[in-house]
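Analysis of the macromolecular model
If you want the building blocks of each chain, they are given just below.
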Protein chains: 2
Amino acid sequence: MDKKVKVNASILIIGNEILSGRTKDTNTSTLAIWLNSIGVNVDEVRVIPDIEKIIVDTLNLLRSKYDYVFTTGGIGPTHDDITAQSVAKAFEIKYEIHKEAYKILESYYKPGEFNEGRQKMAWMPENAKLILNPTSGAPGFNVKNVFSLPGVPSILKSMLGGLTNEIVGGKPIKSLTISLRTVESEIANSLTKVQNDNKKVEIGSYPFFHAGRLGVSIVIRSDDQSKIDNCNLQILKFVKEKKIEMVDR
Amino acid sequence: MDKKVKVNASILIIGNEILSGRTKDTNTSTLAIWLNSIGVNVDEVRVIPDIEKIIVDTLNLLRSKYDYVFTTGGIGPTHDDITAQSVAKAFEIKYEIHKEAYKILESYYKPGEFNEGRQKMAWMPENAKLILNPTSGAPGFNVKNVFSLPGVPSILKSMLGGLTNEIVGGKPIKSLTISLRTVESEIANSLTKVQNDNKKVEIGSYPFFHAGRLGVSIVIRSDDQSKIDNCNLQILKFVKEKKIEMVDR
């Protein structure tokens, strides 16, 4: 059977610390790069507060709209960690002690250290599939098309390897970046022509300041390498004609 | 007249480069910290692709739901910059050359350099109010409760000063951070009690790894300093009882 051509996902970031500006989200980038590599496109990201009703409503909307939903944050031991109970409510299933998670946590901590706070991390939606955590013991969990991961970036990152085989993606999304010593307005018209000639390819243009100098990165994205190559040739052609310098970036 | 007690906003990040993971969003944090300081709480953030219909629909939803909407990205000169035309469509008003913006851009560039690409940046929703750009000339714009800013973080940052008087906020949101050399599960129960005693205060708990050591930052947020002080005292009490070390962070 052929793979589904387009597989999409949304990312739901649960956390007041992102909305207050105290913490900058980096998990979106980590998840998106990983998902692209296994053929899943991220179509939407939402950041919402630690409020149960909002989490439940948003989850129910996103899980019906996208093939996959990845949540980050809210699965620790403190009072503001309410993702597991919210996922259970969204699916209208029980929120209970997960035996396997309990065992993992019990053996992770030294005798006597598996206290009430830590036991809370074994509470999960009924029959959730665990997402193993090689960094700090406490697992994430998966219910149908919803995957719940922690908010701490280094821990989240370490859990993706074990998850790759659980996700059925489409064709991997490839990208090529061409960086130029120019400004956007110098290439805008030429680039529009390339985009119009290659409607199924996503072409983005991003100005940058680096080492005190201006530049523009053109990013070409598609699941079809030959289409990327074709755009690349057309872009290199006008770059040469305009005598624009290419830079590494 | 008393100020409205709660004023909220959402941030709409328009850009494939965030959804692909290529670029990490930092504008949310910049906007949120600035908005909090003038009494506006950020209740939701969405990241969406450079697709007109999605921008129009999302804008119409957010502008009816929140007091303010701030968009970032998509106001440059290239084909993927479609925020201005999308805002015009959302409000069902004309998308046309803005005379004042045209003049600003014309005088910003050297004679002969105000080319077609750059002229595109003078196209705006009818009667938009300009948001001046002290860094790179091209202004942002404001229609009713929607404020459209560029995606480049340093430029966005430089435009907020001129915008502060345009926003009518509530009481400024204050916050206090207490950082401890402990792990979350050691303080989870005590912290839950403090939260239950202070329901109107937002108390968050965030683990960190710094210089190879674990810690937890407790963040107390409220528009009422006396409520923050009260929580602080209750937290310091259990910190002392548990002999937990406080750290700078």
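How each quantity is defined
Residues numbered from 1 in each chain as written. Chains lettered and ligands numbered in written order. Predicted model: local features only at pLDDT ≥ 70, side-chain atom pairs only at ≥ 80, totals over all residues. Buried ≥ 20, exposed ≤ 12 C-beta atoms within 10 Å, placed from the backbone. Helix = DSSP H or I, 4+ residues; strand = E, 2+ residues; numbered from the N terminus. Pairing = 2+ DSSP bridges. Contact = placed C-beta atoms within 7 Å. Least-squares fit on C-alpha atoms with pLDDT ≥ 70 in both. Axes fitted to C-alpha atoms, helices over the stretch in contact; angles between N-to-C directions. Parallel < 35°, antiparallel > 145°, perpendicular 65-115°, else oblique. Left-handed = near helix turned anticlockwise from the far one by under 90°. Nonpolar A, V, L, I, M, F, W, Y, C, P; charged D, E, K, R; others polar. Expected span 1.5 Å × (residues − 1).

Residue and element names in this part refer to chain A. When you tally the buried positions in strand S7 (residues 137-143), you get six out of seven residues, the bulk of the element. Bridging between strand S6 (residues 129-133) and S7 involves four bridges; their strand directions are antiparallel. Across the sheet, the residue bridging to isoleucine 131 is glycine 140, located in S7. Hairpin geometry of S6 and S7 is characterised by an intervening segment of three residues between the two adjacent antiparallel strands. Relative to strand S8 (residues 146-149), S7 runs antiparallel, the two being bridged by three bridges. Its bridge partner lying in S8, phenylalanine 141 is registered against serine 148. The antiparallel hairpin formed by S7 and S8 contains two residues in its connecting segment, where lysine 144 sits at a positive phi of about 50 degrees.

We now examine the interface of chain A and chain B. Taken together, the contacts link 51 residues of chain A with 50 residues of chain B. Here strand S2 (residues 41-48) of chain A runs beside strand S2 (residues 41-48) of chain B; their pairing, made up of three bridges, is antiparallel. Bridging across to S2(B), Val47(A) finds its partner in Val45(B).

On to the relation of the copies chain A and chain B, then. Each copy superposes on the other: chain A lies on chain B with an RMSD of 0.0 Å after a rotation of 180 degrees and an axial shift of 0.0 Å. The two molecules are tied by a two-fold rotation axis, judged by turn and shift. It is Arg46(A) whose C-alpha, among those of chain A, lies nearest the rotation axis, at 2.2 Å.

Bringing the packing of helix H8 (residues 184-197) of chain A against helix H9 (residues 225-241) of chain A into the picture now. Residues and elements named next belong to chain A. The geometry of H8 relative to H9 is characterised by a closest axis approach of 10 Å and an angle of 160 degrees between their N-to-C directions. Taken together, the axis directions place H8 and H9 in an arrangement best described as roughly antiparallel. Regarding H8 and H9, the two cross each other, and that crossing is right-handed. Contacts between H8 and H9 pair Ser190, Val194 and Asp197 from the former with Cys231, Gln234, Ile235 and Phe238 from the latter. Taken together, the residues that form the contact of H8 with H9 break down as four nonpolar, two polar and one charged.

Right, let's talk about the environment of Gly162(A) for a bit. Take Gly162(A): it is sitting in the loop between helix H7 (153-160) and strand S9 (174-181). Aside from chain neighbours lying at most four places away, what touches Gly162(A) is Ile131(A) and Leu132(A).

As for its placement among the helices and strands, Ser29(B) is situated in helix H2 (residues 27-37). Classification of Ser29(B) as partly exposed rests on a count of 19 C-beta atoms within 10 Å. In contact with Ser29(B), other than residues within four places in its own chain, are Gly21(A) and Lys24(A).

On to helix H9 (residues 225-241) of chain B. Taking 1.5 Å per residue as the helical rise, H9(B) with its 17 residues ought to reach 24 Å, and the 25 Å between its terminal C-alpha atoms agrees with that figure. Taken from the residues just after H9(B), Lys243(B) is the one with a positive phi, measuring 55 degrees.

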